[in-house]
Amino acid sequence: LVPLEGVYCTEDIADDMLTVFENGLGKGAETGWENLDQLCTFELGRLCVVTGIPGCGKSEFVDELILRLNLRHHWKVAFFSPENMPLHYHMMKLAEKLTGQIFRKGVLSTVQYDEVNQFLSQNVVSILPKEDYTAQNILDKAQQLVYRRGVNILAIDPCNALEHRIPAGQTETQYMNTFLDQLKRFAIRNRCLVIFVAHPHMMHCDPTTNRTALPDFYTISG
């Protein structure tokens, strides 16, 4: 019989089965943040959703996380982060995280300036189309970067920076399910870690602490 495309049995994944049998699943990629690494490690082919209250530092956390994964595991990144504009401002923030120093003449030497610019040029690229901010266009460009530059991480920061075109007759929930499935398929097909920053749609006060309650996945917008 002609083999059926897209259908597998254990014989087709024998090497993977043996590896899991002998070694277990193993840990994912660590960040060097010991308290985070005890709770969460990262793998390629996954979708990671990041949320938090406004102004808590979601973008700063994601930038630091990505640089740590790059430095420890050589995972190159493509950012779609139009809120981090102008572009040189975002690159300056990344440079300061890499060097631990203010990105300014007299603080960094000329050699350090050249080294950090070369590092960023080799490991970081930004997707900033002139007009088309649809998810499909961003993912198409990201896929080209996987082949051209060996990108392993796609960071979308934030969700509402994308142009969401909800088809007529489809609810927001139905659309978001399709959109998240699209991101998951991209991650699996291209062996990328997709990091997706989303804002909460409502903020509640925790009556026990009188502070803003921590958001969870049920309070993310959309």
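Because the structure is predicted, anything quoted here is derived from the model rather than measured. (Residues numbered from 1 in each chain as written. Predicted model: local features only at pLDDT ≥ 70, side-chain atom pairs only at ≥ 80, totals over all residues. Heavy atoms only, no water.)

A. A look at the overall build of the protein. On a plain count of helices and strands, the protein comes out with seven helices and seven strands. Traced from its N-terminal end to its C-terminal end, the protein shows the element sequence α-α-β-α-β-α-α-β-α-β-α-β-β-β. Along the three orthogonal principal directions, the C-alpha set of the protein runs to about 70 × 45 × 45 Å. Scored against the burial criterion, the 222 residues of the protein give a buried share of 35%. In the protein, once contacts between residues fewer than 6 apart in sequence are set aside, the share between residues at least 24 apart is 68%. (Helix = DSSP H or I, 4+ residues; strand = E, 2+ residues; numbered from the N terminus. Buried < 20%, exposed > 50% of the residue type's maximum accessible area, 1.4 Å probe, protein only. Contact = heavy atoms within 4.5 Å.)

B. Inspection of the packing of aromatic side chains at higher detail. In total, this model carries five aromatic pairs according to the counting rule given. When the centroid spacing of 5.4 Å and the interplanar angle of 85° are considered together, the rings of phenylalanine 80 and tyrosine 133 count as edge-to-face. You can see phenylalanine 80 sitting in strand β2 (residues 76–80) and its partner tyrosine 133 sitting in the loop between β3 (124–126) and α6 (135–149), a full 53 residues away along the chain. For phenylalanine 80, a relative accessible area of 0% corresponds to the buried category. With a centroid separation of 6.3 Å and an interplanar angle of 5°, the aromatic rings of tyrosine 175 and phenylalanine 179 are classed as stacked. With tyrosine 175 and phenylalanine 179 both in helix α7 (residues 172–190) and four residues apart, the pair spans about one turn of that helix. Pair check on accessibility: tyrosine 175 and phenylalanine 179 agree, each one buried. (Phe/Tyr/Trp six-rings, centres within 6.5 Å; stacked < 30°, edge-to-face > 60°.)

C. Examining the nonpolar core more closely. One finds Leu154, Phe179 and Phe186 to be the most contacted residues of the largest nonpolar core, which totals 27 residues. At the level of secondary structure, the elements contributing two or more residues to this core comprise β2, α6, β4 (151–156), α7 and β5 (193–197). Leu65, Leu67, Val116 and Ile153 belong to the second-largest nonpolar core, a separate cluster that totals 24 residues. (Core = buried A, V, L, I, M, F, W, Y, C linked by side-chain atoms within 4.5 Å.)

D. Broad picture of the sheet that holds strand β1 (residues 46–50). Within the open sheet, the five strands sit side by side as β1-β5-β4-β2-β3. Their pairing is parallel. Strand pairing shows two members of the sheet lacking a second neighbour, β1 and β3, which therefore form its edges. Neighbouring strand axes in the sheet, compared pairwise and without regard to direction, differ in orientation by 20° on average. Across five bridges, β1 lies against β5 in parallel orientation. Paired with valine 50 across the bridge in β5 is valine 197. Packing of helix α3 (residues 58–73) onto the sheet brings it into contact with β1, β2, β4 and β5, and relative to β5 it is tilted by some 165°. In the packing of helix α5 (residues 110–123) onto the sheet, the strands contacted are β2 and β3, and the crossing angle to β3 comes to about 65°. (Pairing = 2+ DSSP bridges. Axes fitted to C-alpha atoms, helices over the stretch in contact; angles between N-to-C directions.)

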